Amino acid sequence: ALNVFLAAIINAYDDMRRELDGSMFLTAQQQEWQNMQKIARNATPPRELAAPDARWRRPVFALAQHRAFDAFISACIMLNVVLLMLEHWNQAPVYDDVINVGNNVFLAIFIVEAAIKIVGYFPRVYFGDPWNLFDFVLVAAGIVTIFVEQRVSGARVLRLLR
């Protein structure tokens, strides 16, 4: 029921957005041209991060920049989403245990990812990137969720926010 409600809100928002920006009166080709112009206008080349001066941080920086590291973290994010989707009402207690262990494993992976990036990039660069800041907030929310769930039984809402 919540998903249907959210879909209706998103659909209504999209309709209003189209009305207000005038795209409602454009042909499909004109909309595509307009979208390409927006993308071209907002496109910026990816900035190259300089390797840290401290010799002990260079291997950590290289790990944080590696494609395989990004691929592994992306796969973990997708698997975590699948795990969260498996939770359902009136599930068996063993199923609860499996989901909780899985969530804790993924949270540990994301904590290690944040630590690697903070050490490799240096905190100023790490927190200067909006995606890294978002990831850090999610990791912090996950840590808070673990402590709150131990104290309050109905704190599953916090896990969904994470």
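It should be noted that the structure appears before, not after, this text.
Residues numbered from 1 in each chain as written. Predicted model: local features only at pLDDT ≥ 70, side-chain atom pairs only at ≥ 80, totals over all residues. Heavy atoms only, no water.

Enquirer: Lay out the nonpolar core with the relevant residues and their values.
Expert: Nonpolar side chains tend to gather and get buried jointly when the protein is soluble and globular. By size, the foremost hydrophobic cluster in this structure holds eight residues: F61, A64, F69, I73, A114, I116, Y121 and Y126. For this core, the secondary-structure elements that each account for two or more residues are α3 (58–65), α4 (67–86) and α5 (93–121). For this core, the element with the highest residue contribution is α5, accounting for three residues. Aside from chain neighbours lying at most four places away, what touches F61 is L49, A50, A51, P52, G120 and Y121. If you look at the next biggest cluster of nonpolar residues, it comprises six residues, including C76, L83, I99 and F106. (Core = buried A, V, L, I, M, F, W, Y, C linked by side-chain atoms within 4.5 Å. Buried < 20%, exposed > 50% of the residue type's maximum accessible area, 1.4 Å probe, protein only. Helix = DSSP H or I, 4+ residues; strand = E, 2+ residues; numbered from the N terminus. Contact = heavy atoms within 4.5 Å.)

Enquirer: Please provide a residue-by-residue account of the packing of α4 against α5, values included.
Expert: The N-to-C vectors of α4 and α5 enclose an angle of 155°; their axes lie 10 Å apart at closest approach. Taken as axis vectors, α4 and α5 run roughly antiparallel relative to one another. Between α4 and α5 lies a crossing of left-handed hand. On α5, the residues that touch F69, D70, F72, I73, C76, I77, L79, N80, L83, L84 and L86 of α4 are Y95, I99, G102, N103, F106, I109, F110, E113, I116 and K117. Residue composition of the contact of α4 with α5, grouped by class: 15 nonpolar, three polar and three charged. (Axes fitted to C-alpha atoms, helices over the stretch in contact; angles between N-to-C directions. Parallel < 35°, antiparallel > 145°, perpendicular 65-115°, else oblique. Left-handed = near helix turned anticlockwise from the far one by under 90°. Nonpolar A, V, L, I, M, F, W, Y, C, P; charged D, E, K, R; others polar.)

Enquirer: Which residues make up the side chain of R57, and what values do they have?
Expert: Tracing the sequence through the fold places R57 in the loop between α2 (28–42) and α3. Although R57 lies buried, it forms no salt bridge, and the closest oppositely charged side chain, D53, sits 7.3 Å away as judged by the N-O distance. Reaching out from R57, the side chain makes a polar contact with the backbone oxygen of V119 at a distance of 2.7 Å. Excluding anything up to four places from it in sequence, R57 contacts P52, V119, G120, Y121 and F122. (Lys, Arg positive; Asp, Glu negative; His and termini not counted. Salt bridge = Lys/Arg side-chain N within 4 Å of Asp/Glu carboxyl O. Polar contact = N/O pair within 3.5 Å; in protein donor to acceptor, adjacent residues only side chain to side chain.)

Enquirer: So, the packing of aromatic side chains: which residues are in play, and what are the values?
Expert: The description of an aromatic ring pair rests on the distance of the ring centres and on the angle between the ring planes. A full pass over the atoms with the stated rule returns six aromatic pairs. Ring centres 4.9 Å apart and planes at 85° place the aromatic pair Y126 and F127 in the edge-to-face group. The exposure class of Y126 is buried, given its relative accessible area of 1%. Ring geometry for W131 and F134: centres 6.1 Å apart, planes at 85°, overall edge-to-face. Of this pair, W131 and F134 both sit in helix α7 (residues 130–151), separated by three residues, roughly a single helical turn. Within the aromatic cluster, the residues linked to one another by ring pairs are Y126, F127 and F136. (Phe/Tyr/Trp six-rings, centres within 6.5 Å; stacked < 30°, edge-to-face > 60°.)

Enquirer: Tell me about α4, and name the residues and values.
Expert: In this model, α4 (20 residues) spans 29 Å end to end at C-alpha, consistent with the 28 Å of a helix rising 1.5 Å per residue. Taken residue by residue, α4 has F69, I73, C76, N80 and L83 as its buried positions. All buried residues of α4 lie within an arc of 80° about the axis, which places them on one face of the element. Turned more than 90 degrees off the buried face of α4, the exposed positions are R67, M78 and M85. (Expected span 1.5 Å × (residues − 1). Arc of directions from axis to C-beta.)

Enquirer: So what's going on with unusual backbone geometry? Residues and values would help.
Expert: One non-glycine residue, N90, lies in positive phi territory at about 60°. Relative to the assigned elements, N90 resides in the loop between α4 and α5.

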